[in-house]
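# A closer look at the structure
Spelled out from the first residue to the last, the chains are:
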Amino acid sequence: MITQDWKLLGQVEELKRELESKGGLKELEFNGRKIVLSYYEGEFGALNNKCNHMGGPLAKGKLKKGCIECPWHYWQFDHKTGVALNESTEPLSSHGGTVPNLPLKIENGSLFIDLNGESERVRANYNQGRTNLSRQPNREPGKIRVLGLSTTAMDREHPRFSTSETLLKSALERAQQSLDVETKFLALSELNFRHCEGFYSKSEKACTWPCSITKMDPKDEMHLVYEAFVHWADVVIVSTPIRWGNASSLYYKMAERLNSVQNQITLKDRVLIKNKVAGFIITGGQDNIQSVAGQLMNFFGELGFHAPAFPYVAHSLGWSSEDMERNMEYVSESEYLKNNCFELLARSVELSKRLIQ
Ligand code: FES
């Protein structure tokens, strides 16, 4: 039988005043063991300070209507029982288990905690049915698999001509006909995905693989990009327009969400993207091609992709010749550009074969 170990925490009235002035939460520490003490509407609570999800520090969160909201990904736990609440929206759509609680008692105006009375932690399922994403990346046998990823922003209900996407699709079609490969096309503009919320800036451990947003939000479709990059594709060909001298805004929105892939290398020495190749198609009415190419190559290199020789194909009419009508016509009729994009894809496939061997 475990004996009780009651420790004095202080005078009740003083603790009430202190906790009320601090928003209702206080971190306690006993020989390195951290506990969050709370006070809400006349009642104290004590929980293990580690969140059930990824171990976020609950004492640094917020007390909201009797629940402690974790500062990392906003799961909420009853401040006395530690039971996760499911009344909130996206983050809590699966049950969040129970954070261990500790008994408290008041005697002669003083508050005590039983350090031996901590309850069991009940773990939760957070993956929203996408646990498969976290499997070990092992290449499935079969033909070389080529993903064409268009980052062009557009309203898919009212599609318009995109020079970069046209060149990408033409290269994929030709590859499907003349190379022994499987191809897939993905347009970021067709996906519903959230901006990165910068969990990494709170703590490097708060930016998880699979991405915390993917795990919390069943409506977020960034898992399609993760699945293709980490598991399915051997070759990724990315197309982007040049927007004010940079890649498209959708490209950057996606790139920020890929922090969860890249940080596995820095955090855990775990390389999720191995022996894969990335090439780029860049088009614009004006210029800044090399700057955009540099950014893309740098980022994909940091993710673990290899670059083929001559890793990008680009087109621009130049600063003094911008003429969008003529530009669309030029690209749609240019066999030269289409050939070059196909050859980029073919070079990437050849490199991929060598890497896989
Ligand atoms: S919600 Fe607490 S660590 Fe994720």
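Residues numbered from 1 in each chain as written. Predicted model: local features only at pLDDT ≥ 70, side-chain atom pairs only at ≥ 80, totals over all residues. Heavy atoms only, no water.

### Some points on the packing of aromatic side chains
Ring pairs (aromatic) are described by centroid distance and by the angle formed between their planes. According to the stated counting rule, one finds 10 aromatic pairs in the structure shown. For the pair Tyr39 and Phe44, a centre-to-centre distance of 4.8 Å together with 45° between the ring planes defines the contact as tilted. For Phe44, a relative accessible area of 10% puts it in the buried group. With a centroid separation of 5.3 Å and an interplanar angle of 70°, the aromatic rings of Phe280 and Phe300 are classed as edge-to-face. Placement of the pair is Phe280 in strand β13 (residues 277-284) and Phe300 in helix α8 (residues 289-303), with a sequence separation of 20 residues. Both residues of the pair, Phe280 and Phe300, count as buried. In this structure an aromatic cluster arises from ring pairing among Phe229, Tyr251, Tyr252, Phe280, Phe299, Phe300 and Phe305. Above the plane of the ring of Phe185 lies Lys169, whose end atom (NZ or CZ) is 4.8 Å from the centre. Cation over ring: Lys184 sits above Trp232, and NZ or CZ is 4.3 Å from the ring centre. (Phe/Tyr/Trp six-rings, centres within 6.5 Å; stacked < 30°, edge-to-face > 60°. Buried < 20%, exposed > 50% of the residue type's maximum accessible area, 1.4 Å probe, protein only. Helix = DSSP H or I, 4+ residues; strand = E, 2+ residues; numbered from the N terminus. Lys NZ or Arg CZ within 6 Å of the ring centre and 35° of its normal.)

### Points about the confidence of the model for the protein chain
Overall, the predicted model of the protein chain reaches an average pLDDT of 92, with 95% of residues at or above 70. Under a pLDDT of 50 for its full length, residues 87-93 has, in the predicted model, 14 contacts with residues more than four places off or in other chains. (pLDDT = per-residue confidence, 0-100. Contact = heavy atoms within 4.5 Å.)

### Points about the domain arrangement of the protein chain
For the protein chain, the assigned domains read domain 1 (6-114) and domain 2 (131-356). Each of domain 1 and domain 2 was reduced to a C-alpha centroid, and the two centroids are 44 Å apart. Contact residues are listed per partner, giving 10 residues for domain 1 and 14 residues for domain 2. Of the roughly 940 Å² buried between domain 1 and domain 2 on both sides combined, carbon and sulfur atoms contribute 57%. Where domain 1 packs against domain 2, one counts 0 salt bridges. Along the contact surface separating domain 1 from domain 2 lie 5 residue pairs in polar contact (both at pLDDT 80 or more). (Domains from an automatic or database assignment. Buried area = accessible area lost by both parts, 1.4 Å probe. Salt bridge = Lys/Arg side-chain N within 4 Å of Asp/Glu carboxyl O. Polar contact = N/O pair within 3.5 Å; in protein donor to acceptor, adjacent residues only side chain to side chain.)

### Section: unusual backbone geometry
Between Trp209 and the following residue, Pro210, the backbone shows a cis peptide bond with an omega angle of -10°. Within the secondary structure, Pro210 is located in the loop between α3 (199-202) and α4 (212-216). In this model, Asn288 sits at a positive phi of 90°, which is unusual for a non-glycine residue. Positionally, Asn288 belongs in the loop between β13 and α8.

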